[in-house]
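Topology and contacts: notes
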Amino acid sequence: MLASLLPRVARAACKQQHFQAGRSLLSQLQDGLSLEQQQLRQMASAGPTFPMDDKGHIVPHGGSLVNLMVGAEQRKALEASSTHRQECSDRHACDVELLSVGAFSPLTGFMNKDVYEHCLKEMRLPGSNLLFGLPVVLDTHDPTIKEGSKVLLEYKGQKLGLLEVESRWAPDKALETKLGYGTSSLEHPGVKMVAMERGHHYIGGKLHGFELPKRVFPCQTPAEVRAMLPAKTDVVVFQCRNPVHKAHYELFTRALHADNVGPNAVCLVHPTCGPTQNDDIPGIVRYKTYEVLKEELNNPRIKWAYLPYSMHMAGPREAIQHMIIRKNYGCTHFIIGRDMAGSKSCLTGEDFYGAYDAQNMASTHAAELGMQTVPSLNIAYTQEKGYVTADIAEKENLTKLNLSGTKFRTMLRSGEDIPDWFAFKSVIDVLRDQVKAEEGAK
């Protein structure tokens, strides 16, 4: 209650042009807060602190939002100039789309060899020295593609764009995975993807976008997402790749009241709907769970959009990648969870990253990105008080209720009633329909 009063007191005082009176009231209320919390609250209440563009949104990474889409006449000429055709994989199509619409700003195409190597070693782009978490590359199996080639990129009957090849090289995949993922073990899903899915050669160069992949779920561009976000307002983003359950909802709604988040902030729930791990729920099913939940919640402070991003499960460096992407979509604050984008060995089940490695990496570089992090709260459900933070549950010796992911999946398949405190009924209904469809296909 105390924390929630602070921004309202400050705002009311400022509106009446009694700033000093507001500060006096704040000082009286803040006796129970640490100095750091007081400072964060005062800064957040004073208004946005992020660098803004002319529309009141955070400035994109590199200063401006890239748009690689070309008009009809230019497309016609570029298509006629193509020398090669290459069919894109699902992962390729995600990267072509994100490059074309500026989600990977300031990139203007797939990385050339020098940019790729610099990004791997330094986690930065050469020249500008801008942070960049992971390389964005295109592989090929075609031995005839070389520097100077113009490759028409196709996907399921569509012509997504044209790549003007400026470099072709054989990457050192052992080094790439060791630097990018922190391991070269094939037990890591991202390493396995690089080693076994990608071709022996990479090609880089300028990309011209023709059209975006046709998907069963809509993916708004950074420009479109920015247009739906309020101006001069903090935007807290929640990244996920699984259905949202009640603990997640508690987490991202509480984040709106974090000490470093300003009043009237909104939360953008921005799930990745591209390829992830093999055992993850399919993107279309995840999308359906989000849509029914959006309708059920009907919360004007919660915005929804979908990201056609292919997960690497690269832990700390992928956390930086996500922050850069979300900055380009207009987000100012990033909820960073325990072991974000982490993965386990497919043989031993051991984690590849520490629980707080991603949080530490994100916090270290947040200021340079012009963003702020909001650490993910450890939320627990208790018999006595419902959802509370884990420290309160421990301090007050409350009775915590738990439901493991394995048990939840078992209950879904068996038709058992799933506790109301754990999941939203609308989400459960979608997941049960998927289970029935899978069983019917066997």
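Residues numbered from 1 in each chain as written. Predicted model: local features only at pLDDT ≥ 70, side-chain atom pairs only at ≥ 80, totals over all residues. Heavy atoms only, no water.

1. Let's talk about the sheet that holds strand E11 (residues 372-375)
Ordered in space as E9-E8-E7-E10-E11, the 5 strands form an open sheet in which the pairing is parallel. Strands at the two margins of the open sheet, each flanked by one partner only, are strand E9 (302-304) and E11. Across the sheet, the mean angle from the axis of one strand to that of its neighbour is 30 degrees, orientation sign disregarded. Summarising the sheet, strand E7 (residues 235-238) and strand E10 (residues 333-336) pair through 2 bridges and their orientation is parallel. (Pairing = 2+ DSSP bridges. Helix = DSSP H or I, 4+ residues; strand = E, 2+ residues; numbered from the N terminus. Axes fitted to C-alpha atoms, helices over the stretch in contact; angles between N-to-C directions.)

2. Considering the packing of helix H11 (residues 283-297) against helix H16 (residues 425-441)
Where H11 contacts H16, the two axes come as close as 8 Å, and the packing angle between them is 155 degrees. On the basis of the axis angle, H11 is roughly antiparallel to H16. In this structure, H11 crosses over H16, and the sense of that crossing is right-handed. Facing H11, whose interface residues are Val285, Lys288, Thr289, Val292, Leu293 and Glu296, H16 presents Ser426, Val427, Val430, Leu431 and Gln434. Of the residues that constitute the contact of H11 with H16, the class distribution is 6 nonpolar, 3 polar and 2 charged. (Parallel < 35°, antiparallel > 145°, perpendicular 65-115°, else oblique. Left-handed = near helix turned anticlockwise from the far one by under 90°. Contact = heavy atoms within 4.5 Å. Nonpolar A, V, L, I, M, F, W, Y, C, P; charged D, E, K, R; others polar.)

3. Digging into the pattern of salt bridges
For the coordinates displayed, the defined rule picks out 15 salt bridges. A salt bridge links Asp90 to Lys156; the shortest N-O distance between them is 3.7 Å. In this pair, Asp90 sits in helix H5 (residues 90-101) while Lys156 sits in the loop between strand E4 (150-155) and strand E5 (158-169), placing the two residues 66 residues apart along the sequence. Judged by its relative accessible area of 39%, Asp90 is partly exposed. On the accessibility criterion, Lys156 (62% relative accessible area) is exposed. Between Glu97 and Arg215 there is a salt bridge; the shortest N-O distance is 2.8 Å. Of this pair, Glu97 sits in helix H5 while Arg215 sits in the loop between strand E6 (201-209) and helix H9 (222-228); the two residues are 118 residues apart in sequence, bridging distant segments of the chain. (Salt bridge = Lys/Arg side-chain N within 4 Å of Asp/Glu carboxyl O. Buried < 20%, exposed > 50% of the residue type's maximum accessible area, 1.4 Å probe, protein only.)

Everything listed here is a matter of coordinates, which is why it stays silent on function.
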